[in-house]
Amino acid sequence: MKTRRQFIKISAAGTGAAAIGLQSLKLNGFNFLSEKDEQNPASDEEMTSYPTYCEVCFWKCAGWTYVDKKGNIRKIIGNEKDPHCNGRLCPRGTGGVGMYNDEDRLKTPLIRETDPEGHQYFRKASWDEALDLIAEKMDKLRQEHGPECLALFSHGTGGKMLSHLVKAFGSPNISAPSFAQCRGPREVGFTATFGEDVMSPERTDIRDSKCLVLIGSHIGENMHNGQIQEMSAAIENGATIITVDPRFSTAASHSKYWLPIKPATDLALLLAWIHVIIYEDLYDKEYVKKYAFGFDELKEHVKNKTPEWAYGITTIEPEIIRRTAREMAAASPRVLIHPGRHVTWYGDDTQRTRAIAILNAILGSWGRRGGFYNPEKVHVPNYPHPPYPKPKRSWKDAYPPGKYNLVNEVLSTGICDATIPNPQLDCHLRGWIVYGTNLMASLPDQKKTLEAISHLDFLVVIDTMPMDITSYADIVLPECTYLERYDSLRTSPHREPVIALRMPAAKPKYDSKPNWWIAKQLANRLGLQDYFQWENIEELLDWQLKKIGSSLNEMKRIGVKKYPREYNDLYNLENLEDFEFNTNTGKIELYSTELEIEDFDPLPNYTHHPEPPEGYYRLNYGRAPMHTFSRTTNNHNLWDLMKENSVWVNPKVADLWELENGQYIWLKNQDGIVSSFPIKVRITERIRWDSVYMVHGFGHTDRKLKRAYGRGASDSELVSKVFLDPIMGGTGMRGNFVTFLKEKPANNKEEVES
Amino acid sequence: MRYAMAIDTAKCVGCGDCVVACQTENNVPHGYCRDWIVENVSGSYPNVQVELRSERCNHCDNAPCVRCCPTGASHIVEGGIVLVTHDECIGCGACIESCPYDARYPHPEGYVDKCTFCKHRVDKGQNPACVDVCPTHCLHFGDLDDPNSDVSKALKNRSWKVLAPEAGTKPQLYFLT
């Protein structure tokens, strides 16, 4: 039976301590009884340190968790041997201790119940009760509809164990918003060109680059640690930075050139740059001759894409377009047009990243020092288990045959589509497990997400914190934080193959459990115990580590271990070495045969995107260096640094609307959606007059988050219009427009209700 | 010996890592900070400049906070580090008022607190916590009397400025421009 899920507002118990502002001059007088050693810094020598790698964002920097003699986690310091961080964590990694200490954490398993009046609430449950119930629902789903009707949304390391469980169960529907809402277009665009994708951490050789071009990529505000460190090294080395952004970003403030482009016109600029580089004969001729396919077609394609043509579209002066193109060419091949990371903007994002790939290709930067290096990773064997069952259907059956042929990952929005019944298509998903991702903030078009949820037989949410999505769950499982658990080994690719260990520095607080334990417990209840033949994760890790010449004991001591590269090919095209690319032609495809076969433009074209109507401004959003998505806004250490977001408004626009700095307003988008909460105005010269900007991840609707609830506004809520990328299903989110409401709108809901 | 810090504004991205590292290193209570970030925007669109600065106590040679302290709790130790002896501080707040850099805050336990240049680390030959955590390597610390120290080397080849020079405090935080 389908029940209309109510958003459960778990009431905040108690009043808590009064907030003390930074500027507060509250003098309490003396306290001679204060525990002095609690206030004084603990000496490193008096503490014990345990290896970990960070889980506050996806960069996963390795570090050491310091624990004092009383067992308190005092600080987390980067591991000097780790190439992800070189001993220096970012503010979120340093503040990771706030995640462990957060008093608002999920504390026990919760089960949704309905009282006699029809009011729904969460009941605290034991682990056995919650796991039995999940297993019962999963088994019923398997018996009645088939295991393929289950989907897993996962983000972060712990998702590996749950993915293994879901694959063993028999479902292929394992998805992360990091593809269709983030880096997907770049991976598809680069693969179509070079036969390989950009990977994470990105294979960008920023530190040795002589010219770094950032297109909307705000390194320094997005705190991808290795990228920041390398950008800083590039600045030290005198590299030229060219930043293209409608907003004067932090990166722009460190750049030689800032191109304040009209939003949604980047592709025109890229084509004009390609035009200048080809027609001024500035491209890397030997490289193009040896490796590239379709140069003549490209040359003809950009013949009329002159800087003058682009000027009318982008508002960037032709002379600046020429000058910056020449700067890039002068640095070639040590030039890097950064592929970006969150690139789902306007729906033609694969084509835009293709243009970025092409520009890199004609400047000869792929496989070259200062361009893109060739990463390598350690291959850790899997613990023996039976083969996974072969799924009979998948999320793709919810689309006409042939759709998304170039997509190698599962679209998170595709999971939603495959859940909402449609008489014409096979939309069969009926059960979701959501691990470590707050879908209400990570997916656009909340209405659609809520509709999909309303059709579910069950929704399980596993997280450390109550998030907006938690409130829609039938069963909530509290995971312990990364500081309290072992996890799978980190094996991400880098210049040198490297592994990192995460081990607990403290016992799990409250009644929380690690993901591996949850996965194994569910497997036992579902008759899948053969897939989890190890007793506990220490046994698994030690077995894996011994297969690669290490051991759990060694890794507990060192935390990070580097391995020699198998091949000496970090810059594998540096001297025009022979190389066969993994494309149809074996070449770098400037002209994409793969896209041509699928009936898409084989060479990127500029298309005009909708512009804001009068009185509306394009909603741009981005990151703040002290927060990750919507997950850190309640972390006390990071909340101290940034408590709410603000909406950036150009002074001319502010004058027009008579807005004042610091004033709270509501934002209304083109579909009439009004932000649940007001947002503070920041009047600044750092933004164009045709767009506004806000940091993503604020405006939480769950009261259980005592610090984050109702602070700032949610951009996700205002992104109701999505521009789908026809090539890979990415959800373009930068085509939404907002206007300002100075009065609190009537009937404005302060909580989302389904 | 003269401890000082140089902050490279060409590299700082204002991420606030120095603030969090200081909090966890020195147990600074939530809601307070010993170091902070200043964002200075000048010009008008599209000719804009932004300077980001990691700021803290300037450990002045001529420190008004030390001069005005009625109990002697505020004092200067070897290397020029300005400290507050918590037990001797009566929390009167005169030093807070006298500081042109707004570097001091009233600790909830009743005394005035501020940056110590992480003296407990410096005494062991380590850098202050903020310096060692900074992902952009924009903070340089050391002894100005030692020409090979990080801070001496950083100041040697770059132009720099100090904050509020008109206050005559002889501050020891140098901002590389």
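None of these values were measured; they are calculated from a predicted model. (Residues numbered from 1 in each chain as written. Chains lettered and ligands numbered in written order. Predicted model: local features only at pLDDT ≥ 70, side-chain atom pairs only at ≥ 80, totals over all residues.)

### Brief notes about the overall build of chain B
Here comes step 1: Scanning chain B from N- to C-terminus turns up six helices and ten strands.
Here comes step 2: For 177 residues, the compact-globule estimate of 2.2 N^0.38 gives 16 Å, and the C-alpha radius of gyration of chain B, at 16 Å, lies within 12% of that figure.
Here comes step 3: When its C-alpha atoms are laid out on the principal axes, chain B stretches across 50 × 40 × 35 Å.
Here comes step 4: Relative to its full complement of 177 residues, chain B shows a buried share of 47%.
Here comes step 5: Of the contacts formed within chain B by residues at least 6 apart in sequence, a portion of 54% connects residues at least 24 apart. (Helix = DSSP H or I, 4+ residues; strand = E, 2+ residues; numbered from the N terminus. Rg over C-alpha atoms; globule rule 2.2 N^0.38 Å. Buried ≥ 20, exposed ≤ 12 C-beta atoms within 10 Å, placed from the backbone. Contact = placed C-beta atoms within 7 Å.)

### Focus: the overall build of chain A
Here comes step 1: Scanning chain A from terminus to terminus reveals 24 helices and 26 strands.
Here comes step 2: For 754 residues, the compact-globule estimate of 2.2 N^0.38 gives 27 Å, and chain A sits close to it at 26 Å.
Here comes step 3: Its C-alpha atoms give chain A principal-axis dimensions of about 70 × 65 × 65 Å.
Here comes step 4: Across the 754 residues of chain A, 58% fall into the buried class.
Here comes step 5: A fraction of 74% describes how many contacts in chain A between residues 6 or more apart in sequence connect residues 24 or more apart.

### Quick notes on helix α4 (residues 127-145) of chain A
Here comes step 1: With 19 residues, α4 of chain A should reach 27 Å at 1.5 Å per residue; the first-to-last C-alpha distance of 26 Å fits that figure.
Here comes step 2: Trailing α4 of chain A by a residue or two, glycine 146 of chain A shows a phi angle of about 100°, which is positive. (Expected span 1.5 Å × (residues − 1).)

### Topic: the interface of chain B and chain A
Here comes step 1: Listed per partner, the contact involves 40 residues of chain B and 46 residues of chain A.
Here comes step 2: At the level of elements, α1 (17-26), β2 (36-44) and β3 (47-55) of chain B are the ones that each hand at least two residues to the side of chain B that touches chain A.
Here comes step 3: With eight residues, the single largest contributor to the side of chain B that touches chain A is α1 of chain B.
Here comes step 4: For the side of chain B that touches chain A, the class distribution of residues is 19 nonpolar, 17 polar and four charged. (Nonpolar A, V, L, I, M, F, W, Y, C, P; charged D, E, K, R; others polar.)

### What to know about the sheet that holds strand β1 (residues 48-53) of chain A
Strands in a sheet are paired, the pairing made by backbone hydrogen bonds, and the direction either parallel or antiparallel.
All names here are of chain A.
Here comes step 1: Read across the open sheet, the three strands follow the order β1-β2-β3; overall the sheet is antiparallel. Each having just a single partner strand, β1 and β3 (73-78) make up the two edges of the open sheet. Going across the sheet, the axis of each strand differs from the next one's by a mean of 30°, ignoring polarity.
Here comes step 2: Summarising the sheet, β1 and strand β2 (residues 62-67) pair through six bridges and their orientation is antiparallel. Paired with proline 51 across the two strands is tryptophan 64, which belongs to β2. (Pairing = 2+ DSSP bridges. Axes fitted to C-alpha atoms, helices over the stretch in contact; angles between N-to-C directions.)

### Details of the environment of tyrosine 3 of chain B
Residue and element names in this part refer to chain B.
Here comes step 1: By the element assignment, tyrosine 3 lies in strand β1 (residues 3-8).
Here comes step 2: Classification of tyrosine 3 by C-beta neighbours within 10 Å gives buried; the count is 22.
Here comes step 3: With 75 residues separating them in the primary sequence, tyrosine 3 and glutamate 78 have C-alpha atoms 8.9 Å apart.
Here comes step 4: With residues up to four places along the chain from it excluded, the contact list for tyrosine 3 reads His59, Gly79, Gly80, Ile81, Phe117, Val122 and Asp143.

### Some thoughts on the pairing of strand β4 (residues 110-114) of chain A
Residues and elements named next belong to chain A.
Here comes step 1: Relative to strand β15 (residues 475-478), β4 runs antiparallel, the two sharing two bridges. Paired with isoleucine 111 across the bridge in β15 is isoleucine 475.
Here comes step 2: The sheet contact formed by β4 and strand β5 (residues 120-124) spans five bridges and is antiparallel. What sits directly across from threonine 114, in β5, is glutamine 120.

### A word on the sheet that holds β4 of chain A
Residues and elements named next belong to chain A.
Here comes step 1: Within the open sheet, the seven strands sit side by side as β5-β4-β15-β14-β13-β6-β7. Their pairing is mixed. Looking along the sheet, the strands with just one partner apiece sit at the ends: β5 and β7 (174-175).
Here comes step 2: Pairing analysis gives two bridges linking strand β6 (residues 150-154) to β7, with the strands arranged parallel. Note that in β7 the partner of leucine 152 across the bridge is isoleucine 174.

### Here we look at the domain arrangement of chain A
Residue and element names in this part refer to chain A.
Here comes step 1: Under the domain assignment used here, chain A contains domain 1 (105-176 + 410-479 + 517-533), domain 2 (191-375) and domain 3 (617-720).
Here comes step 2: Each of domain 2 and domain 3 was reduced to a C-alpha centroid, and the two centroids are 29 Å apart.
Here comes step 3: With eleven residues of domain 2 at the interface, the matching set in domain 3 holds 13 residues.
Here comes step 4: Its residues assigned to classes, the side of domain 2 that touches domain 3 shows five nonpolar, three polar and three charged. (Domains from an automatic or database assignment.)

### Some details on unusual backbone geometry
Most peptide bonds take the trans form, and the phi angle of most residues other than glycine is negative.
Here comes step 1: With an omega dihedral of -5°, the bond running from serine 200 of chain A to proline 201 of chain A counts as a cis peptide bond.
Here comes step 2: Within the secondary structure layout, proline 201 of chain A lies in the loop between α6 (177-194) and β8 (211-215).
Here comes step 3: At alanine 264 of chain A, a residue that is not glycine, the phi angle is positive and equals roughly 75°.
Here comes step 4: According to the C-beta neighbour criterion, alanine 264 of chain A is buried, with 25 such atoms within 10 Å.
Here comes step 5: One non-glycine residue, aspartate 102 of chain B, adopts positive backbone phi at about 55°.
Here comes step 6: As for its position among the elements, aspartate 102 of chain B is in the loop between α3 (94-98) and β6 (105-106).

### Points about the confidence of the model for chain B
Here comes step 1: Mean pLDDT for chain B: 97, with 100% of residues reaching 70 or above.
Here comes step 2: Here the predicted complex scores 0.94 on pTM and 0.96 on ipTM. (pLDDT = per-residue confidence, 0-100.)

### A closer look at helix α12 (residues 307-314) of chain A
All names here are of chain A.
Here comes step 1: Among the residues of α12, those classed as buried are Pro307, Ala310 and Thr314. Burial along α12 is one-sided: seen end-on, the buried residues are contained in an arc of 60°. Summarising the geometry of α12, the exposed residues directed more than 90 degrees from the buried face are Glu308 and Gly312.
Here comes step 2: Lining the buried residues of α12 we find α9 (266-279) and α13 (318-331).
Here comes step 3: Note on α12: the residue one or two positions beyond its end, threonine 315, has a positive phi of about 70°. (Arc of directions from axis to C-beta.)

### Observations regarding the packing of α9 of chain A against α13 of chain A
Packed helices, taken two at a time, are described by the angle between their axes plus the distance between the axes.
All names here are of chain A.
Here comes step 1: Interaxial distance between α9 and α13 falls to 9 Å at its minimum, and their mutual angle equals 65°. In the packing of α9 onto α13, the handedness of the crossing is right-handed. Of α13, the residues touching α9 (which contributes Leu269, Ala272, Trp273, Val276 and Ile277) are Ile321, Arg322, Ala325 and Ala329.
Here comes step 2: Considering only residue class, the contact of α9 with α13 consists of eight nonpolar, no polar and one charged. (Left-handed = near helix turned anticlockwise from the far one by under 90°.)

### Here we look at the packing of α4 of chain A against helix α18 (residues 515-525) of chain A
Residue and element names in this part refer to chain A.
Here comes step 1: Put simply, α4 and α18 touch, their axes get as near as 9 Å, and they point 55° apart. With respect to each other, α4 and α18 are oriented oblique. By crossing handedness, the relation of α4 to α18 is classed as right-handed. Contact residues: α4 offers Leu131, Asp132, Ile134 and Ala135, while α18 offers Gln521, Leu522 and Arg525.
Here comes step 2: Here the residues of the contact of α4 with α18 are counted per class, giving four nonpolar, one polar and two charged. (Parallel < 35°, antiparallel > 145°, perpendicular 65-115°, else oblique.)

### Structural notes on the pairing of β3 of chain A
All names here are of chain A.
Here comes step 1: With six of six residues buried, β3 is to be regarded as a mostly interior element.
Here comes step 2: As defined by bridge partners, β2 adjoins β3 across five bridges and the pair is classed as antiparallel. Across the sheet, residue threonine 65 finds its bridge partner in β3, namely isoleucine 76.

### Some remarks on the environment of serine 720 of chain A
Here comes step 1: Relative to the helices and strands, serine 720 of chain A is located in the loop between α24 (715-718) and β24 (723-724).
Here comes step 2: In this structure the C-alpha to C-alpha distance between serine 720 of chain A and methionine 733 of chain A, which are 13 residues apart in sequence, comes to 8.4 Å.

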